[in-house]
There are 2 protein chains.
Amino acid sequence: MSQAPKTITAAILVIGDEILSGRTKDQNIGFIADYLTAVGIDLKEVRIVADVEEEIVAAVNALRDRYTYLFTTGGIGPTHDDITADSVAKAMGVGIDVDERAVDLLLTRLKREDMNEARLRMCRIPFGAGLILNPISAAPGFRIGNVMVMAGVPRIMQAMLASVVETLETGAKMLSESVEAGLPEGAYAKGLEETDAKYPEVSIGSYPHFNTTGGGFKNQIVLRSKDPQALASARADVEAMLADLKRAQE
Amino acid sequence: MSQAPKTITAAILVIGDEILSGRTKDQNIGFIADYLTAVGIDLKEVRIVADVEEEIVAAVNALRDRYTYLFTTGGIGPTHDDITADSVAKAMGVGIDVDERAVDLLLTRLKREDMNEARLRMCRIPFGAGLILNPISAAPGFRIGNVMVMAGVPRIMQAMLASVVETLETGAKMLSESVEAGLPEGAYAKGLEETDAKYPEVSIGSYPHFNTTGGGFKNQIVLRSKDPQALASARADVEAMLADLKRAQE
């Protein structure tokens, strides 16, 4: 038997009242989910919490203990509601202060006389953290332990994610196959459950989409596995099962 | 002094591997956030978990204990990966079985001879739950205690949400005002913090947006409160503060 593929897990913590109020629609969760899946990191959980220190601290601690990596987005700007850096330092039990490396980065974009208290707030980095560079607007994110702290603005977050993921350990990539069912879910659910039970290393899901331009529901069966052979066998079984059902209908 | 406005809180639990893998982009969180804000229910937390019973049970219990209402989306279809109803029953400590009211609803769309084991799975409703009608595809959601269990398909979820929210208690509506800053965040952060401290009943945030079509960052200051007078005063203070800063720059 071959060794089980290595599993690296992650969670996302989105920090921001503006997402919870609906004012801003999150664009980061889906992007990070795609990115991590592509590199072989399994996203296991997402939380969205308000700009409230005790909520952030509790969520950081729950998620960093449980998964290989935690990615946070939001709350690292210069205003009073940006409390992520201080909250993460508190969660990790380390101190925090203005970091000269971060000040130097900001000074590549700002005159020294424009450096003020608020901008220095963006330079507060927990002790022992490594910086994550921000090629868009200079103010960096940081990594401390297994926690990656990134900006909330999607374009900046995306640049930070790309640079930090390069430094992380990744596992076996999840492979996936989609099959257009062409039948109602209720018709193939039993056969699909049998296939799912037969291949413990393949995760099989069925996803209905409602087609608003006509045609009603279209169902996709998605098979996911890190084992290409098991995936191909399971897909062949699903296709045979669907073909049998369609023949029986004729 | 007037009485403090009544606060009704909520959380969302999104259930589904397909969101965590990135394959499906969630469209429900932003919609529910907007809807709840509009009716005066404060969304406080969101979690996304996989189709794993123990994860769903733990999240349902954590969130239903903490907030007035919990809304779940996803996992109530007919296939083996649809385990939300059974998981919610387990979390609530109640039994679950095929519910004749749900069967009757499905039979408005299906012939009796097409009712099979998989379709009966969609009729499994925890004991004591009330049904949430599904005008799109008949299979209902349900409400048990303070937990609202809804479909994941956005169009169905939206219809269920509208019908169930009508039956819920709502609080004072959150009012909000936006001010285009016209200045970098670092320039007004100090003044904004002072205004925020002056109005404890107003929550003030600053939100940078990166304008990809030119112009770089545009910052919006958003003020939110249930008290219209405090909101108007705080807005006037913010506008005066910005005007002072702009005059000083000239």
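Residue indices begin from 1 for each chain and proceed along its sequence in written order. Chains carry letters and ligands carry numbers; both start at the beginning, A for chains and 1 for ligands, and go up in the order they are written. Thresholds applied to this predicted model are a pLDDT of at least 70 for local features of residues and 80 or more for the giving and counting of side-chain atom pairs; totals over whole chains, interfaces and linings are not thresholded and use all residues.

Caption draft 1: How the structure looks around the overall build of chain A. Summing up its helical and strand segments, chain A has 9 helices and 11 strands in all. The globule rule puts the C-alpha radius of gyration for 250 residues at 18 Å, and the 23 Å found for chain A is more than 25% above it. Exposed residues have 12 or fewer other C-beta atoms within 10 Å of their own C-beta, buried residues have 20 or more, and residues in between are partly exposed; the C-beta atoms are placed from the backbone. Expressed as a percentage of the 250 residues in chain A, the buried residues total 46%. Contact criterion: two residues are in contact if their C-beta atoms, reconstructed from the backbone, are within 7 Å. Long-range contacts, defined here as pairs at least 24 residues apart, represent 67% of the contacts in chain A between residues at least 6 apart. Counting from the N terminus, the helices are DSSP H or I runs at least four residues long and the strands are E runs at least two residues long. Two things to know: the radius of gyration comes from C-alpha atoms, and the globule rule equals 2.2 Å times the number of residues to the power 0.38.

Caption draft 2: Quick look at the relation of the copies chain B and chain A. Note on the copies: chain B fits chain A at an RMSD of 0.0 Å, the axial shift is 0.0 Å, and the rotation between them is 180°. Seen this way, the second copy is the image of the first under a two-fold rotation axis. Considering only C-alpha atoms, the part of chain B nearest the rotation axis is Arg-47 of chain B, at 2.2 Å. With an isologous cut-off of 70% or more, the 100% of interface residues of chain B that recur at the interface of chain A puts this contact in the isologous class. Superposing copies: least-squares fit, C-alpha atoms only, residues required to have pLDDT of at least 70 in both.

Caption draft 3: How the structure looks around the interface of chain B and chain A. Each side of the interface is counted separately: chain B has 51 residues, and chain A has 51 residues. Of all elements in the fold, only helix H1 (17–20), helix H2 (28–39), strand E2 (42–49), helix H6 (117–121), helix H8 (185–198), strand E10 (203–211) and strand E11 (216–225) of chain B reach the threshold of two or more residues within the side of chain B that touches chain A. All amino acids are sorted into three groups, where Ala, Val, Leu, Ile, Met, Phe, Trp, Tyr, Cys and Pro are nonpolar, Asp, Glu, Lys and Arg are charged, and the leftover types, Gly among them, are polar. Of the residues contributing to the side of chain B that touches chain A, the split by class is 19 nonpolar, 14 polar and 18 charged. The pairing of strand E2 (residues 42–49) of chain A with E2 of chain B spans 5 bridges and is classified as antiparallel. Pairing between strands requires that DSSP locate at least two bridges from one strand to the other.

Caption draft 4: Representation of helix H7 (residues 154–165) of chain B in the model. Residue and element names in this part refer to chain B. Helix span, as expected, comes to 1.5 Å for every residue beyond the first. Relative to the 16 Å expected for 12 residues at 1.5 Å per residue, H7 spans 16 Å between its end C-alpha atoms, a close match to the ideal helical length. Of all the residues in H7, the buried ones are Ile-156, Met-157, Ala-159, Met-160, Leu-161 and Val-164. Against H2, strand E3 (69–73), strand E6 (130–132), strand E7 (141–144) and strand E8 (147–150) lie the buried residues of H7.

Caption draft 5: Structural view of the domain arrangement of chain A. The assigned domain composition of chain A is domain 1 (9–165) and domain 2 (175–249). Where each domain starts and ends follows an automatic or database-derived domain assignment. Measuring from the centre of the C-alpha atoms in domain 1 of chain A to the corresponding centre in domain 2 of chain A gives 38 Å.

Caption draft 6: Spotlight on the packing of H2 of chain B against H7 of chain B. All names here are of chain B. For the pair H2 and H7, the least separation of the axes is 11 Å and the interaxial angle reads 20°. When the interaxial angle is binned, H2 and H7 end up roughly parallel. Our pair here, H2 against H7, has a crossing hand that is right-handed. Residue-level inspection shows Asn-28, Phe-31, Ile-32, Tyr-35 and Val-39 of H2 in contact with H7, the latter providing Pro-154, Met-157, Gln-158, Leu-161 and Val-165. Its residues placed into classes, the contact of H2 with H7 shows 8 nonpolar, 2 polar and no charged. Lines fitted to C-alpha atoms define the axes here, with helix axes fitted over just the stretch in contact, and angles between the N-to-C directions of these axes take values from 0 to 180 degrees. Put simply, angles under 35 degrees are roughly parallel, angles over 145 are roughly antiparallel, angles from 65 to 115 are roughly perpendicular, and the rest are oblique. When the near helix sits turned anticlockwise from the far one by under a right angle, the crossing is termed left-handed; a clockwise turn instead gives a right-handed crossing.

Caption draft 7: Just the nonpolar core, in detail. We define the nonpolar core as any set of buried residues of the types Ala, Val, Leu, Ile, Met, Phe, Trp, Tyr and Cys, connected via C-beta atoms lying within 7 Å of each other. Counting 104 residues, the largest nonpolar core has Leu-13 and Leu-70 of chain A together with Leu-13 and Leu-70 of chain B as its most contacted members. Discounting chain neighbours no more than four positions away, the residues touching Leu-70 of chain B are Ala-10, Ala-11, Leu-13, Val-60, Leu-63, Arg-64, Asn-146, Val-147 and Met-148 of chain B.

Caption draft 8: Layout of the packing of H8 of chain B against helix H9 (residues 228–249) of chain B. Residues and elements named next belong to chain B. At a minimum axis distance of 10 Å, the contact between H8 and H9 shows a crossing angle of 155°. Taken together, the axes of H8 and H9 lie roughly antiparallel to each other. For the pair H8 and H9, the sense of crossing is right-handed. Along the contact surface, H8 presents Ala-187, Tyr-188, Gly-191, Leu-192, Thr-195 and Lys-198, while H9 presents Ala-234, Asp-237, Val-238, Met-241, Leu-242 and Leu-245. Each residue belonging to the contact of H8 with H9 can be placed in one class, and the counts come to 8 nonpolar, 2 polar and 2 charged.

Caption draft 9: Inspection of the sheet that holds E2 of chain A at higher detail. Taking strand neighbours across the sheet as the criterion, the 12 strands line up as E6(A)-E7(A)-E8(A)-E3(A)-E1(A)-E2(A)-E2(B)-E1(B)-E3(B)-E8(B)-E7(B)-E6(B) in an open arrangement whose pairing is mixed. Each edge of the open sheet is held by one strand with a lone partner, namely strand E6 (130–132) of chain A together with E6 of chain B. For this sheet, the mean angle separating the axes of adjacent strands, direction not counted, is 20°. Inspection of the sheet shows E3 of chain B paired to E8 of chain B by 4 bridges, in the parallel sense. When the sheet's bridge partners are listed, Thr-73 of chain B is paired in E8 of chain B with Met-150 of chain B. Running over the sheet, H2 of chain B touches strand E1 (9–15), E2 and E3 of chain B and is turned about 165° from E1 of chain B. With respect to the sheet, H7 of chain B is in contact with E3, E6, E7 and E8 of chain B, its orientation differing from that of E8 of chain B by roughly 150°.

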